[in-house]
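As a plain string of letters, each chain reads:
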Amino acid sequence: MTSSFNVQSAAGYEQLMGRWSRQLAPLFIDFAGITDGERALDVGCGTGSLTFALPHAANLSEIVAIDFSPVFVEAATRANSDPRIRIQQADACALPFADASFDRALALLVLHFVPEAGKAVAEMRRVTRPGGVVAAVVWDHLGGMPGMRMVLDTAAMLDENAEQIRSRYCFQPMMRPGEMMQSFAAHGLEKIEQTSLMIRMDYQSFEDFWQPIAAGEGPLGKYVGGLDQALRAKVDATVKAAYEAGQPDGPRSFAAVAWACRGTVPEA
Ligand SMILES: C[S@@+](CC[C@H](N)C(=O)[O-])C[C@H]1O[C@@H](n2cnc3c(N)ncnc32)[C@H](O)[C@@H]1O
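In what follows, the accompanying structure is described. (Residues numbered from 1 in each chain as written. Predicted model: local features only at pLDDT ≥ 70, side-chain atom pairs only at ≥ 80, totals over all residues. Heavy atoms only, no water.)

**Overview of the nonpolar core**
Side chains that are nonpolar tend, in soluble globular proteins, to be buried together. Core analysis: the biggest nonpolar cluster contains 65 residues, and Met17, Leu24, Leu54, Trp139, Met201, Phe209 and Trp210 have the highest contact counts within it. In terms of residue count, helix H1 (residues 10-32) provides more of this core than any other element does, 11 residues in total. The residues touching tryptophan 210, leaving out its near neighbours within four places in the chain, are Val151, Val224, Val235, Asp236 and Val239. Judged by nonpolar contacts, the second largest core, of 31 residues, contains Ala92, Phe97, Val121 and Met174. (Core = buried A, V, L, I, M, F, W, Y, C linked by side-chain atoms within 4.5 Å. Buried < 20%, exposed > 50% of the residue type's maximum accessible area, 1.4 Å probe, protein only. Helix = DSSP H or I, 4+ residues; strand = E, 2+ residues; numbered from the N terminus. Contact = heavy atoms within 4.5 Å.)

Dropping the structure here:
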């Protein structure tokens, strides 16, 4: 399997994650560094949070964006009006580009959905020129996502299956401390640096928080969507109580922390 990502609809993804990955994109671009005239590759572009942020950061000569999901490729292509941006369907583990064809290869919130994430790192390195930069960012589901942990920790008290889902969720590829750095080093990158990037996910109400998950989007949506009616009602009610935390329903703000890593392709 080349992707573990669960796609329902591009609009649902926007509600679940796109609105937040758009906030993370400029922080990631700052960390990855980008300069005028470069050719950049966005690996796993989704609905285009990074793709469409890149031209605001520098006057790039070309941006190529790929995604495994035809649903996202179609949505991002429809949203694009910049002639420098090219979007196509492709697998991060088998990039359809020549060696050394980009100045920078970037992946925003993608590698944790690639079961053989090391292969994707190797491919990003291969298509980046000597002296160019490979950079990636993944959420820290174990220690950095209190909003989503709230859902899984609550569900795990009610359902044994949720314990396994929680374990998989917390230890998706590249999420362990230092794991991405080790993978970057193993694939021959140098001058490797890692940092944490943080945004806040601000919700208007429990409905705003829960609706995209209840609609079946993302890994938690897939789990919730598969519950029988009785368990589902319990999970809905207990997660709502956890969200409200003893106060009337309304806005809540959750920190979200990601691991980011970058490395340079050695000069020949
Ligand atoms: C959480 S979304 C991130 C999308 C976008 N970069 C963003 O930050 O909003 C994960 C994306 O990785 C893509 N993906 C997962 N495995 C992939 C693979 N092997 N090759 C290409 N894209 C992949 C999914 O289709 C999905 O669009």
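After presenting the structure, the write-up continues.
**Looking at the sheet that holds strand E3 (residues 85-89)**
With mixed pairing, the 7 strands of this open sheet are ordered in space as E3-E2-E1-E4-E5-E7-E6. In the strand order of this sheet, the two ends are held by E3 and strand E6 (190-203), each with one partner. Recorded for the sheet is a direction-independent mean angle of 20° between the axes of neighbouring strands. Both strand E1 (residues 39-43) and strand E4 (residues 102-108) contribute to a ladder of 3 bridges, which runs parallel. Each bridged residue has a counterpart across the sheet, and for leucine 41 the counterpart in E4 is alanine 105. Packing against the sheet, H1 makes contact with E4, strand E5 (128-139), E6 and strand E7 (252-264), and its axis sits at approximately 150° to E6. Here helix H3 (residues 70-79) sits on the sheet and contacts strand E2 (62-67) and E3; the angle it forms with E3, its principal contact strand, is near 160°. (Pairing = 2+ DSSP bridges. Axes fitted to C-alpha atoms, helices over the stretch in contact; angles between N-to-C directions.)

**Comments concerning the site of the ligand**
Around the ligand, the structure places 22 residues, and the nearest of them are Tyr13, Ser21, Gly44, Asp67 and Leu108. In this structure, a nitrogen atom belonging to the ligand sits 2.9 Å away from a main-chain N or O atom of threonine 2. Surface burial for the ligand is 99%, taken as the share of its 590 Å² of free accessible area covered by protein chains. Tallied by class, residues from the shell around the ligand come to 13 nonpolar, 7 polar and 2 charged. (Near = heavy atom within 4 Å. Polar contact = N/O pair within 3.5 Å; in protein donor to acceptor, adjacent residues only side chain to side chain. Areas by Shrake-Rupley, 256 points an atom, 1.4 Å probe, with all protein chains shown as cover. Nonpolar A, V, L, I, M, F, W, Y, C, P; charged D, E, K, R; others polar.)

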